[in-house]
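For reference, the chains in residue letters:
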Amino acid sequence: MDQRTRERLPVLPALVAAAENRLQEARTRLEAIRQAPSGGVFTVLGETFTKAGKSTRLEASGSACAYDTSGRRHHFALAEHRAFWGWAAIEFLRHTGVRIEEMLECSHHSITQYTLPSTGELIPLLQIAPSKTDEERLLVVSPELADVLSAIVSRVREASGAIPLIPFYDGLEKIWHPPTPTISPTTSGGSSPQKRS
């Protein structure tokens, strides 16, 4: 396992850059389609699209569907949704070193802080639930990880300011966990607990 990690480490910067680029492009396309009128033609990142009209319920509610010049349909809100969670998962994993199942079990309750008794300084911490080692861990949150967590929390937060409670199915233990304010990229239904645009 350590050897496999060492072999793949040199390509990590390329993976990080690709995820960031994919997210930026997805956001650029989503912003472009939102600015385009219904049925209008627009060009973004060198590609020309025709924004879908409001002939169907899906297109009327989402307003983020368009057709390219070959007639293929694209859903820019879904593409941005997937790009965000791909980026968030990569960043979360690389800044914490946790396993995927540990990441998926993180909730808003996992983000905590510790006050240093000597100085009163607040240290942000991330609580990792027991998994393979059956031991709880506390990780110090770096500034880079704090930025990622902030982006995730902003993404999942509802208009009321609350984090929605999502039930979580543990595929390894074959049990349902009670609803929690999850901040993981996927839920039991295979979709993120974030608001879709």
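Data block above holds the structure.
About the cut-offs
Residue indices begin from 1 for each chain and proceed along its sequence in written order. Where totals are concerned, whole chains, interfaces and linings use all residues; where local detail is concerned, this predicted model gives features only for residues with pLDDT of at least 70, and gives and counts side-chain atom pairs only at 80 or more. With hydrogens and water stripped out, all remaining heavy atoms of the structure feed into the side-chain values. The numbering of helices and of strands both runs from the N terminus, where a helix is a DSSP run of H or I of at least 4 residues and a strand a run of E of at least 2. Relative accessibility decides the category of a residue: with a 1.4 Å probe and only protein chains considered, values under 20% of the type maximum give buried, values over 50% give exposed, and everything between is partly exposed. A pair of strands is labelled paired if DSSP reports no fewer than 2 bridges between them. With axes taken as lines fitted to C-alpha atoms, and helix axes fitted only over the stretch in contact, angles between N-to-C directions fall between 0 and 180 degrees. The contact definition used throughout considers only heavy atoms, calling two residues in contact when any of these lie within 4.5 Å.

(A) Structural detail: unusual backbone geometry. The phi torsion at L45 lies on the positive side, around 50°, for a residue other than glycine. If you trace the backbone, L45 turns up in the loop between β1 (41-44) and β2 (47-51). A relative accessible area of 44% means that L45 is categorised as partly exposed.

(B) Looking closely at the sheet that holds β1. The four strands lie next to each other as β1-β2-β3-β4, forming an open sheet whose pairing is antiparallel. Taken across any chain shown, the strands that pair with only one partner, and hence form the sheet edges, are β1 and β4 (73-75). Here the average twist between neighbouring strands, direction ignored, is 40°. The pairing of β1 with β2 spans four bridges and is antiparallel. Within β2, the residue paired with V44 across the bridge is E47. Contacting β1, β2 and β3 (65-68), helix α2 (residues 12-35) crosses the sheet at an angle of about 160° to β1.

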